[in-house]
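Observations on chain architecture
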Amino acid sequence: MQANQLSLHIGARKLVIGLNWQVETGQCWCVIGRNGAGKSTLLRTLVGMRPPDSGNVSIKGRSLADWPLNALARERAYLAQGRNDAFGYRAIETVLAARHPYQDDRYWDAEDDYRVAMTALRALDVAELAERDVRTLSGGERQRVAIAATLAQDAPLLLLDEPASALDLAHQVGVMELLSRLCRAEQKAVILVSHDLNLAHSVATHALLLMGDGTWQAGPVNEVMTAERLSHCLGYPIDIVRHGKRSIFIPAENTHHE
Ligand SMILES: Nc1ncnc2c1ncn2[C@@H]1O[C@H](COP(=O)(O)OP(=O)(O)OP(=O)(O)O)[C@@H](O)[C@H]1O
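Numbering of residues starts from 1 in every chain and runs along the sequence as written. Residue-level local features of this predicted model are given only where pLDDT is at least 70; pairs of side-chain atoms are given and counted only at 80 or more, and the full residue set underlies all totals for whole chains, interfaces and linings. As a rule here, side-chain values come from all non-hydrogen atoms in the structure, and water together with hydrogens is ignored.

If you check an unreviewed UniProt entry, the protein appears there as ABC transporter ATP-binding protein from Noviherbaspirillum saxi. Quoted straight from UniProt, the Function (unreviewed entry) entry for the protein says "Part of the ABC transporter complex HmuTUV involved in hemin import. Responsible for energy coupling to the transport system." UniProt positions are given in the numbering used here, feature names are shortened, and annotations may be inferred rather than shown by experiment.

Right, dumping it as structure tokens:
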């Protein structure tokens, strides 16, 4: 996936100016920024749900607008932030719906689609909830079913807007390990939005910081997720503590109030 001179505006406000960005297979990118910085707007644009204000986004060298929708759905899968279920679908049905791009010439819900859907539900530890009405699931269970649907779409590029936000600690770690494995073993590319720097750092190979004024910084995590850059990006001083091989990100003590 490639963004060329991509700019995003909301009214008079510039969220992103002239983003030149390339996401390769096997990479996991974390998008970081304050509330309202434009992370979700960027993801929606990368998916093709919102046109760029200028510049363009392409997949495999072909501009998003030039992709037939079904073919595009086989290239990228998107998990939106939060969800609101108006209808009483069973969990398995919401995951099977993600197989739609593969059902051009076949009967609906073929056996291999069912197998892929159940494998995805199992990977997210929610297989036993397959027959449940999604409106009866807890927030975290529903989120895991939604992630399963994103995986079942079986696209090489996954865009996930705060996938771990509603999950308990064990499932947060589990989902990050799963995404990391998909990048390493299956050469998928992942772009995820997260406010949890530690979780993001545990999985990301690269980071894109949105500074909130249209400027941005992109590169390998070790170059971009520095205390100085993150503090500037998030508007709050951040310390990085080494713990064995790990880097732990913590808000610095705020000396202004002492
Ligand atoms: N349809 C809209 N109409 C007006 N303002 C909008 C619209 N969509 C987004 N915005 C504004 O654009 C800015 C960027 O929103 P966006 O959802 O992309 O931020 P974000 O970085 O994902 O934030 P968060 O961390 O809170 O999820 C925000 O200030 C938001 O209020």
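Once the structure has been displayed, the description carries forward.
1. Some points on the overall build of the protein
On a plain count of helices and strands, the protein comes out with nine helices and twelve strands. Computed over C-alpha atoms, the radius of gyration of the protein comes to 19 Å, within 12% of the 18 Å expected from 2.2 N^0.38 for 258 residues, which places it in the range of a compact globule. Along the first, second and third principal axes, the C-alpha set of the protein runs to 60 × 40 × 35 Å. Exposed residues in this analysis have more than 50% of their type's maximum accessible area, buried residues have under 20%, and partly exposed residues fall in between, with area computed by a 1.4 Å probe over protein chains only. Considering the protein as a whole, with its 258 residues, one finds that 49% of them fall into the buried category. The protein chains shown are the only cover counted for residues, whose accessible areas, like all others here, come from Shrake-Rupley with a 1.4 Å probe. Approximately 12,900 Å² of the protein is accessible, and the part contributed by carbon and sulfur atoms is 50%. Secondary structure elements follow DSSP: runs of H or I of four or more residues count as helices, runs of E of two or more count as strands, with numbering from the N terminus. Only the C-alpha atoms count toward the radius of gyration. The rule for a globule is 2.2 Å times the residue count to the power 0.38.

2. A short note on unusual backbone geometry
A positive phi angle, close to 50°, is found at Gln 5, a residue other than glycine. A residue is classified by how much of its surface remains accessible, and Gln 5, at 48% relative accessible area, is partly exposed. At Glu 162, a residue that is not glycine, the phi angle is positive and equals roughly 50°. Tracing the chain through its elements places Glu 162 in the loop between β7 (157-161) and α6 (169-186). A relative accessible area of 15% means that Glu 162 is categorised as buried.

3. Topic: the sheet that holds strand β1 (residues 2-10)
Here we have four strands laid out as an open sheet, ordered β2-β1-β4-β5, and antiparallel in their pairing. Looking at which strands have only one partner, the edges of the open sheet turn out to be β2 (13-22) and β5 (62-63). Only strands joined by at least two bridges in the DSSP assignment are considered to pair. Note that β1 and β2 share six bridges and pair antiparallel. Looking at β2, one finds that Leu 6 is bridged to Leu 19. Of the strands in this sheet, β1, β2 and β4 (54-59) touch helix α1 (residues 39-47), which is tilted by about 130° from β1. In this description, contact between two residues means that some pair of their heavy atoms is separated by no more than 4.5 Å. Angles run from 0 to 180 degrees between N-to-C directions of axes, and those axes are lines fitted to C-alpha atoms, restricted for helices to the stretch in contact.

4. What about the pattern of salt bridges?
One side-chain nitrogen of Lys or Arg within 4 Å of one carboxyl oxygen of Asp or Glu is enough to make a salt bridge. Considering all chains together, one arrives at eight salt bridges under this definition. In this structure, Arg 50 engages Asp 53 in a salt bridge whose closest nitrogen and oxygen atoms are separated by 3.2 Å. A relative accessible area of 16% means that Arg 50 is categorised as buried. Residue class for Asp 53 comes out partly exposed when judged on its relative accessible area of 39%. Here Arg 90 ties to Glu 131 by a salt bridge, and the two come within 2.3 Å at their closest N and O atoms. With Arg 90 in the loop between β6 (76-79) and α3 (91-96) and Glu 131 in the loop between α4 (111-123) and α5 (139-152), this residue pair connects regions lying 41 residues apart in the sequence. Classification of Glu 131 as partly exposed rests on a relative accessible area of 48%.

5. Looking at the pairing of β1
Linkage of β1 to β2, two consecutive antiparallel strands, is achieved through a turn of two residues, within which Gly 11 is found at a positive phi near 55°. Bridge count for β1 against β4 is four bridges, and the pairing is antiparallel. In the strand pairing of β4, Ala 3 is matched with Val 57.

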